[in-house]
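Topology and contacts: notes
In case you want the letters, here they are:
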Amino acid sequence: MTLILPPYQSKLQGWPGLIEAYRSYLPVTEETPVVTLQEGNTPLIPVPAIANQVGRQVEVFVKYDGLNPTGSFKDRGMTLAISKAKEAGAKAVICASTGNTSASAAAYARRGGMRAFVIIPDGYVALGKLAQALLYGAEVLAIKGNFDQALEIVRDVADKYPVTLVNSVNPYRLEGQKTGAFEVVDTLGDAPDWLCIPVGNAGNITAYWMGFCQYHKTGKCDRLPKMMGFQAAGAAPIVQGYPVANPETVASAIRIGNPASWEKAVAAQEASQGNFTPVTDEEILEAYRLLASSEGIFCEPASAASVAGLLKVKDQVPTGARIVCVLTGHGLKDPDVAIKHSHNNQFCQGIEPTIEAVAKIMGF
Ligand code: AN7
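What comes next concerns the included structure. Predicted model only: the values in this text are computed from it and were never measured.

What to know about the sheet that holds strand β10 (residues 322-327)
- Taken in spatial order, the six strands make up an open sheet running β1-β2-β10-β7-β8-β9, and their pairing is mixed. Only two strands of the sheet have a single neighbouring strand rather than two, namely β1 (44-46) and β9 (275-279). Neighbour to neighbour, the strand axes of the sheet diverge by 25 degrees on average, direction disregarded.
- As judged from the three bridges shared by β1 and strand β2 (residues 59-64), these two strands associate in the antiparallel manner.

Given below as structure tokens:
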């Protein structure tokens, strides 16, 4: 078996990537060729301004998974899915994506020496994500359709042709993503009271719940969180109870009308006595701006749905609760939305290049 890591790698100190860090909890063997970009180990950052808005002496943290190697939580699942695909001898992988999965699949597949086919909804993938897929060297197929249609196509293609599907219907994706929950518990010393998370294809909420349950069973945590899932109001099939044919939201990452992990996500919500709640685009953008301008944390719009959701249901939060909101992707993924919706009226252009002109505008 070809090893991906060069021999000098094993002598390095520091974080080895999540497969090595959580090897005993993951379906890998000594034979598995580990394809890693040292993903995981992302910070859990206190967000006091958000906590203040909730009140009731709560503690609020964000799990900033936008700091993964390709800028989203997808890397957690992709390191494992690509390693297992390589172990099985795959030469090519395929995924449907609203953007982040395509960026992650492209990076890990290319690092593992495989072709990466990505099917995306034409015109609905944020600029940074498209840039990534192109530069990583993916074969990018933009369809005149939405994510749900793209997912149907890739399922069929992977059935009929020698390509491995790396959407979250691939069980290794969720196995890798559950490490997000491990890291939260490892940092806090126990599970939080609430885990607030954006929901699109419903893989991540399912994976976090798997992670908390596995850690609970092995005695790493004493309790389990309520799983609080938030969908964009224009793309809220789980909230409504039926698929949405034409999902629409500014949060293009979660513009999904028929989630693949629907039943598993509902099972997690029910077992944890959590909830699914819709948040409007305006609420998402409000939380997006608040995180950046009050906390210094730039996430993408879909990620801000977790904080928007917490603020929306803050009256249900128990006093003194400890809450974690998952920030799934980096803000630089979607520069168009940032510029369009910053509401920053202090951007002055066309200024004469003199100290006097600058000082005057500064108000001195
Ligand atoms: C930033 O990339 O579905 O509920 O194709 O990119 O596990 O789907 C992305 C989803 C939340 C929703 N936040 O997670 C894709 C894709 C961000 C995302 C979600 C996505 P799931």
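Next comes the rest of the write-up.
Side note on the pairing of strand β5 (residues 139-143)
- Bridge count for strand β4 (residues 115-121) against β5 is five bridges, and the pairing is parallel. Bridge assignment links Ile119 to a residue of β5, and that residue is Leu141.
- Crossover connection from β4 via helix α5 (residues 127-136) to parallel β5: handedness right-handed.

Re the side chain of Thr206
- Position of Thr206 among the secondary structure elements: in helix α9 (residues 203-217).
- Of the polar contacts made by the side chain of Thr206, one reaches the backbone oxygen of Ala202; its length is 2.7 Å.

Looking at the state of the cysteines
- For the structure shown, the criterion picks out zero disulfides.
- Cys213 takes part in no disulfide bond, and the closest cysteine sulfur, belonging to Cys221, lies 8.5 Å away.
- Free cysteine: Cys299, not disulfide-bonded; nearest cysteine sulfur from Cys325 at 10 Å.
- We classify Cys299 as buried; its relative accessible area is 0%.

Remarks on the sheet that holds β4
- In spatial order, the strands read β5-β4-β3-β6; together these four strands make up an open sheet with parallel pairing. The open sheet has two free edges, formed respectively by β5 and β6 (164-165), since each of these has just one partner strand.
- Sheet topology note: the strand β3 (residues 92-96)/β4 ladder contains five bridges and is parallel. The residue bridging Val93 from the neighbouring strand is Ala116, located in β4.
- Sheet strands in contact with helix α6 (residues 147-160) are β3, β4, β5 and β6, and its direction is about 155 degrees off that of β3.

With respect to the side chain of Lys74
- As for its position among the elements, Lys74 is in helix α3 (residues 74-87).
- No salt bridge forms around the buried Lys74; measuring N to O, its nearest opposite-charge neighbour Glu300 is 8.9 Å away.
- With sequence-adjacent residues up to four places away left out, Lys74 is seen in contact with Asn100, Thr101, Ser104 and Arg173.

As for the site of the ligand
- Neighbouring the ligand are 24 residues; Asn100, Thr101, Asn201, Asn204 and Thr328 lie closest to it.
- A distance of 2.7 Å separates an oxygen atom of the ligand from a polar side-chain atom of Asn100.
- At 2.7 Å from an oxygen atom of the ligand is found a main-chain nitrogen or oxygen belonging to Asn204.
- Computed on the free molecule, the ligand has an accessible area of 470 Å², of which 98% lies beneath the protein chains in the complex.
- Within the residue set of the shell around the ligand, elements represented by two or more residues are α4 (100-111), α9 and α13 (301-312).
- Taken together, the residues of the shell around the ligand sort by class into 10 nonpolar, 12 polar and two charged.

Notes on a nonpolar patch on the surface
- A surface patch of nonpolar side chains, about 540 Å² in accessible area, is lined by Ile351, Val358, Ile361, Met362 and Phe364.
- Along the chain, Ile351 turns up in the loop between α14 (335-341) and α15 (355-362).
- For Ile351, a relative accessible area of 34% puts it in the partly exposed group.

As for the packing of aromatic side chains
- Following the criterion strictly, the structure yields seven aromatic pairs and no others.
- What links up through ring pairs into an aromatic cluster is the set Trp15, Tyr22, Tyr25, Phe182 and Tyr215.
- The ring of Tyr124 carries the charged tip of Arg255 above its face, separated from the ring centre by 3.5 Å.

Quick notes on α9
- Between the first and last C-alpha of α9 there are 21 Å, a value that for 15 residues agrees with the 21 Å anticipated at 1.5 Å per step.
- Where α9 is concerned, the buried positions are Gly203, Asn204, Ile205, Thr206, Ala207, Tyr208, Trp209, Gly211, Phe212 and Tyr215.
- Positioned one or two residues after α9, Gly219 has a phi angle of 80 degrees, which is positive.

Cut-offs and rules
- Residues numbered from 1 in each chain as written.
- Predicted model: local features only at pLDDT ≥ 70, side-chain atom pairs only at ≥ 80, totals over all residues.
- Heavy atoms only, no water.
- Pairing = 2+ DSSP bridges.
- Helix = DSSP H or I, 4+ residues; strand = E, 2+ residues; numbered from the N terminus.
- Axes fitted to C-alpha atoms, helices over the stretch in contact; angles between N-to-C directions.
- Right-handed = clockwise from strand over helix to strand, strands pointing away.
- Polar contact = N/O pair within 3.5 Å; in protein donor to acceptor, adjacent residues only side chain to side chain.
- Disulfide = S-S within 2.5 Å.
- Buried < 20%, exposed > 50% of the residue type's maximum accessible area, 1.4 Å probe, protein only.
- Contact = heavy atoms within 4.5 Å.
- Lys, Arg positive; Asp, Glu negative; His and termini not counted.
- Salt bridge = Lys/Arg side-chain N within 4 Å of Asp/Glu carboxyl O.
- Near = heavy atom within 4 Å.
- Areas by Shrake-Rupley, 256 points an atom, 1.4 Å probe, with all protein chains shown as cover.
- Nonpolar A, V, L, I, M, F, W, Y, C, P; charged D, E, K, R; others polar.
- Patch = residues over 30% accessible without salt bridge, like charges linked within 9 Å, V, L, I, M, F, W, Y side chains within 5 Å.
- Phe/Tyr/Trp six-rings, centres within 6.5 Å; stacked < 30°, edge-to-face > 60°.
- Lys NZ or Arg CZ within 6 Å of the ring centre and 35° of its normal.
- Expected span 1.5 Å × (residues − 1).

Such coordinate-based values are descriptive only and should not be taken to indicate function.
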